[in-house]
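# Inside the fold
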Amino acid sequence: NLLKQKVSGQSPTLIIDFSPLDLSGPPSSSKAPSSATKTSKKGIEPQGVDSEGSPGIRKGPSDRLIKHVVSTTDWSSDQLRDRDPLLSSVDNISDEEDEGKTTDDEDETMPMDDAALLKDAKNPNTYDTGAGVGGNDSNSMLVPSDSSTKAGAKAVRRRLALLTSLSALGGFLFGYDTGVISGALLLLNNHFSLTTTQSEAVVTSTIVACFVSSMCAPYALRWGRRPVLLAASAVFTAGSLMLAYSPTYEVLLAARLVIGGGVGTASLTVPLYLAELSPKELRGKVVTANTLCVAFGQFSAGMVDGLFADVHEGWRWMLGLGAVPGFIMFVGFLGLPESPRYLVQSGKREAALRVLQDYRSSGSHAELETIEAEVLQATAAPGFVSQLSEIWMSPPTLRALKLGCGLQILQQLSGINTVMYYSGSIYQMSGFSVSASIWLAGFTALAQVLGYLASIYAVETRGRRWLTLSSLAVVSASLVGLGLTFLGARLTSGSVSGGDQQCMSQDAAVWDGVTRFCGDCVTAPGCGYCGGKCLVGAETDDDDADPTKPDECDGDWVTGTCENPWANFSIVGMVVYLLAFGVGMGGMPWTVNSEIYPLQYKNVCLALSTGCNWMANILVSATFLTLSENAVLTVQGAFWMYGSVAILGWVWLYRVMPETKGLELEEVAALFRRDGEEGGDVWANMGDEGRKRVWEEKEKRESRRV
């Protein structure tokens, strides 16, 4: 096969058939043995099987052919062994040309010379390149694949690009939903006359549904990754159409619950699906690309919000257009394969091999054997509660789960979805108009997209740990800075020299509640600012409307927000925050969680960590508007609280987070295992390089703990 490909100008590919010969009787002909057999004192042996019956390649045509491969390609003998585990037992492959040396027992064999091999190679019927999966010979151990040629390598890259694009639509749906509600909420408040509690319910209802669906996903994953993603995209599409036609607040709330079911399921399944299908050298980039699409979805939603901000009932278009990416994802996934790990678990070995060959340039057989070995060791209890008990009794898995859940909780408690869900409201608090706030929310989301792009480049060079810690440090500083901008806005908003007694004090938790500035006055119920005084507004029939100008006000009547010279600093703080968050804290929690769990507990651990993310999300999104009121923490106090959590989280991650860059999924699990604990079989089956990488990372982590 090698010589035939060289004659035809193709890139050479080594294909060795280890099919056993029939040794039950003497050869049917008295002619000399063919090149496939060898005469010895013990009878007829297949070429490639030594006298002890163990696989190997003896001196002769096969050995000469392997040497020819080494001498005419870029491959070294070590690379040849890496192409299939069977070659690792071959001791006599040499990188040097065959110089005609023979062994003692080769005198009885007439080896086929290179000219004879070349003559046979020119005959297209001499060798069968279709053996193996889908071919006639089920015993062929190395199966030809288009991925072994330059054209095949391009095909692999195309398949990976298509896989990443379609899978990442799940992230886009998540991003679009979180981004679109920021602008739509301002219009929904006017259309449905929502109270603060109802506004928080519109946002939080989706997150509650996300939490419930992510916790139920492990049961659905028993049917495969692909069917679950198809169902998630269908549910999201249906929910988007419901939102577009919502006639009442109750229907709107129900549609948001449906949307959450699709988003929550996809948020757990997409990173898992991508991690299991991606090559290890691209796994970090591919999984991070999913989180890039989250940010791109948020940016796209901001642009859609801006386009429909001045359209009558534009919120229907904003929310309904989410059906478009949902439908594209559903159609696209009809042509994608199932995860090879799930196929192996289901006993579909040949199907798993075909998938690996389609998405790997080399090493598909070795990876298949690694997956099979891991599946054999994965003997978890069948029930969810039983698996939780096993995880609790397994210190390495419990350490991994604590890290995974901690990362997901920290991602939310550092305030990201406060910024994304309420960015329009935050800009309005800074003094911008409704339309300007919607556009600003969209364009500042672009900073997060740029951060994700940087993380895709750096995740396999700088590593997960470095990106996470660097990102969290800048996020902490920007949250403190955002709080300072709101404090500065209050102190420079104009002083209050007097006014109605009702407006001169208000309930407060972290300050004295005395009205001293315009910013204090406009937050007092029913009050407004006029010429240095805080006055009670005229009565109106609408209790939710802003107070109207009273008769005693002769100047400008200010309600809602005051003039803010710090408004531009708020924009800078938001951009820095989103850029830094995108570089690390946006994608790394999902990337790390897709890598650190043993196969037998992966579904349950991912469900728990994703559930923690949604629970923290619920906590933040359901309380931000309340916390930002002057009666509770104030806006600046809320941001400082998130900044404090981020600082504490940085200290914790510095001590416990290992680096998983460049490790096989099976090697990552060993990072959480300490001396004397169960799991020595995994360590023993790990290659020397894998053990070395894991040991070095353990040493680094231990020094940080000390």
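Rules and cut-offs
- Counting restarts for each chain, with residues numbered from 1 along the sequence as it is written.
- pLDDT decides what is reported in this predicted model: residues at 70 or higher carry local features, side-chain atom pairs at 80 or more are listed and counted, and totals for whole chains, interfaces and linings draw on all residues regardless.
- The basis for the side-chain values is all heavy atoms of the structure; hydrogens and waters are excluded.
- Under the scheme used here, helices are H or I runs from DSSP no shorter than 4 residues and strands are E runs no shorter than 2 residues, and both carry numbers assigned from the N terminus.
- Exposed residues in this analysis have more than 50% of their type's maximum accessible area, buried residues have under 20%, and partly exposed residues fall in between, with area computed by a 1.4 Å probe over protein chains only.
- Contact between two residues is taken to exist if any of their heavy atoms lie within 4.5 Å; hydrogens are not considered.
- In short, DSSP must find at least two bridges between two strands for them to pair.
- When a carboxyl oxygen of Asp or Glu lies within 4 Å of a side-chain nitrogen of Lys or Arg, that pair is called a salt bridge.
- The axes used here are C-alpha line fits, helices contributing only the stretch in contact, and every angle between their N-to-C directions lies in the interval 0 to 180 degrees.
- Each angle gets one of four labels, with under 35 degrees taken as roughly parallel, over 145 as roughly antiparallel, 65 to 115 as roughly perpendicular, and the rest as oblique.
- With the far helix as reference, a near helix turned anticlockwise by less than a right angle produces a left-handed crossing, and one turned clockwise produces a right-handed crossing.
- Throughout, the ten residues Ala, Val, Leu, Ile, Met, Phe, Trp, Tyr, Cys and Pro are labelled nonpolar, Asp, Glu, Lys and Arg are labelled charged, and all others, Gly among them, are labelled polar.
- Like-charged residues within 9 Å of one another, or nonpolar side chains (Val, Leu, Ile, Met, Phe, Trp, Tyr) within 5 Å, are grouped into patches, provided each residue has over 30% relative accessible area and no salt bridge.
- Surface accessibility follows the Shrake-Rupley procedure with a 1.4 Å probe radius. Residue values consider only the protein chains on display as shielding.
- The quantity called pLDDT is the predictor's confidence in a given residue, expressed from 0 to 100.
- We call a pair of cysteine sulfur atoms a disulfide whenever their separation is within 2.5 Å.
- Side-chain atoms within 4.5 Å link the members of a nonpolar core, which is a set of buried Ala, Val, Leu, Ile, Met, Phe, Trp, Tyr and Cys residues.
- To estimate the expected span of a helix, subtract one from its residue number and multiply by 1.5 Å.
- Aromatic pairs are defined between Phe, Tyr and Trp rings, using the six-membered ring for Trp, whenever the two ring centres lie within 6.5 Å; interplanar angles under 30 degrees are classed as stacked, those over 60 as edge-to-face, and all others as tilted.
- Either the NZ atom of lysine or the CZ atom of arginine qualifies as a charge over a ring when it sits within 6 Å of the ring centre and within 35 degrees of the ring normal.
- The definition of a polar contact used here is a pair of N or O atoms within 3.5 Å, where within protein one atom must be able to donate a hydrogen and the other to accept one, and adjacent residues in sequence count solely through side-chain atom pairs.

### Re the side chain of serine 478
Inspection of the secondary structure assignment puts serine 478 in helix α19 (residues 464-491). Relative accessible area serves as the criterion here: at 7%, serine 478 is assigned to the buried category. Other than its neighbours up to four places away in sequence, serine 478 contacts Gly573, Val576 and Tyr577.

### Digging into the environment of valine 583
Considering the arrangement of structural elements, one finds valine 583 in helix α21 (residues 567-583). Through-space distance from the C-alpha of valine 583 to that of valine 449 is 9.0 Å; in sequence the pair is 134 residues apart. Setting aside chain neighbours within four positions, we find valine 583 in contact with Gly451, Tyr452, Ala454, Ser455, Leu467 and Ser471.

### Notes on the pairing of strand β4 (residues 527-530)
Of the two faces of β4, the one lined by Cys527 and Tyr529 and the one lined by Gly528 and Cys530 are each fully buried. The pairing of β4 with strand β5 (residues 533-536) spans four bridges and is classified as antiparallel. Following the sheet pairing, cysteine 527 is matched in β5 by valine 536. Joining the antiparallel neighbours β4 and β5 is a turn of two residues, in which glycine 531 adopts a positive phi near 55 degrees.

### Digging into the sheet that holds strand β3 (residues 498-499)
If you walk across this open sheet you meet the three strands as β3-β5-β4, and the pairing is mixed. Of all the strands in the sheet, just β3 and β4 have a single pairing partner and so form its edges.

### Some thoughts on the pattern of salt bridges
What the rule picks out here adds up to nine salt bridges. Among the salt bridges present, the one from aspartate 512 reaches arginine 516, with a minimum N-O distance of 2.7 Å. Residues joined in a network through salt bridges with shared partners are Glu460, Arg464 and Glu595.

### Some points on unusual backbone geometry
Positive phi values are uncommon outside glycine, yet glutamate 313 reaches one of about 50 degrees. As for its placement among the helices and strands, glutamate 313 is situated in the loop between α9 (280-307) and α10 (314-320). The backbone of threonine 634 shows a phi angle near 70 degrees, a positive value even though the residue is not glycine. Mapped onto the fold, threonine 634 is located in helix α25 (residues 634-656).

### Regarding the packing of helix α8 (residues 249-277) against helix α23 (residues 602-621)
Put simply, α8 and α23 touch, their axes get as near as 10 Å, and they point 135 degrees apart. Judged by the angle between their axes, α8 and α23 are oblique. The handedness of the crossing between α8 and α23 comes out as right-handed. Of the residues in α23, those touching α8 at Val263, Gly264, Ser267, Leu268, Leu272 and Glu276 are Lys602, Asn603, Leu606, Ala607, Thr610 and Trp614. In the contact of α8 with α23, the residues fall into six nonpolar, four polar and two charged.

### Description of a nonpolar patch on the surface
A contiguous nonpolar patch, built from Phe327, Phe330, Val331 and Leu334 and spanning about 360 Å² of accessible area, is present on the exposed surface. Mapped onto the elements, phenylalanine 330 comes out in helix α11 (residues 323-333). For phenylalanine 330, a relative accessible area of 30% corresponds to the partly exposed category.

### A look at the confidence of the model for the protein
Confidence in the prediction for the protein averages 75 pLDDT; 72% of positions are at 70 or higher. Confidence drops under pLDDT 50 across residues 84-148; counting only partners more than four residues distant or on other chains, this segment forms 114 contacts. Here residues 679-686 is a poorly scored stretch, pLDDT under 50, and it has 15 contacts once near neighbours within four places are set aside; other chains count.

### Quick word on the state of the cysteines
According to the stated counting rule, one finds four disulfides in the structure shown. Here cysteine 518 connects covalently by a disulfide to cysteine 562, the sulfurs 1.9 Å from one another. The disulfide joining cysteine 518 to cysteine 562 has a torsion of about -90 degrees about its S-S bond and is therefore left-handed. Here cysteine 562 lies in the loop between β5 and α21 and cysteine 518 lies in helix α20 (residues 518-521), a separation of 44 residues in the sequence. Classification of cysteine 518 by relative accessible area gives buried; the value is 2%. Relative accessible area serves as the criterion here: at 10%, cysteine 562 is assigned to the buried category. Here cysteine 530 engages in a disulfide with cysteine 553; their sulfurs sit 1.9 Å apart. Taking the sign of the S-S torsion, about 90 degrees here, the bridge from cysteine 530 to cysteine 553 comes out right-handed. In this pair, cysteine 530 is assigned in strand β4 and cysteine 553 in the loop between β5 and α21, connecting sequence segments 23 residues apart.

### Looking at the environment of cysteine 612
Of note, cysteine 612 is situated in helix α23. For cysteine 612 and glutamine 408, which are 204 residues apart along the polypeptide, the C-alpha to C-alpha distance reads 6.4 Å. Beyond its immediate stretch of four places on either side in the chain, cysteine 612 contacts Cys405 and Ile409.

### Considerations on the nonpolar core
Generally speaking, soluble globular proteins have nonpolar side chains that are buried together. Counting residues in hydrophobic clusters, the biggest one holds 134 residues, and the most contacted among them are Leu188 and Phe639. The greatest single-element share of this core, amounting to 16 residues, is contributed by helix α5 (residues 150-192). Excluding anything up to four places from it in sequence, phenylalanine 639 contacts Val419, Ile426, Leu479, Leu482, Gly483, Phe486 and Phe624. Among the nonpolar cores identified, the runner-up in size contains eleven residues, and Val496, Cys503, Cys518 and Tyr529 belong to it.

### Section: α25
If you check α25, its first and last C-alpha atoms are 34 Å apart, about what 23 residues at 1.5 Å a residue would give, namely 33 Å. Here α25 has its buried residues at Thr634, Val635, Gln636, Gly637, Ala638, Phe639, Tyr642, Gly643, Ala646, Gly649, Leu653 and Val656.

### Quick notes on the packing of aromatic side chains
Given two aromatic rings, one states the distance between the centres and the angle between the planes to describe the pair. Under the criterion given, the structure shown has 13 aromatic pairs. When the ring of phenylalanine 172 is compared with that of tyrosine 176, the centres are 6.3 Å apart and the planes differ by 20 degrees; the resulting orientation is stacked. Separated by four residues within a single helix, phenylalanine 172 and tyrosine 176 lie in helix α5, roughly one turn from each other. For phenylalanine 172, a relative accessible area of 14% corresponds to the buried category. Plain terms: the ring middles of tryptophan 566 and phenylalanine 569 are 5.4 Å apart, the flat faces sit at 50 degrees to each other, and that makes the pair tilted. Of the residues examined, tryptophan 566 reaches a relative accessible area of 32% and is grouped as partly exposed. Taken together, the aromatic side chains of Phe172, Tyr176, Phe296 and Phe299 make up a single cluster linked through ring pairs. The ring centre of tyrosine 654 lies 5.1 Å from the NZ or CZ of arginine 465, which sits over that ring.

### Focus on the environment of serine 493
Tracing the backbone through its elements, the reader meets serine 493 in the loop between α19 and β3. For the pair serine 493 and asparagine 564, spaced 71 residues apart in sequence, the C-alpha to C-alpha distance is 6.1 Å. What serine 493 contacts, discounting residues up to four positions off in sequence, is Phe517, Cys518, Gly519, Cys562 and Glu563. Among the polar contacts listed, one links the side chain of serine 493 to the backbone oxygen of arginine 490, at a separation of 2.8 Å.

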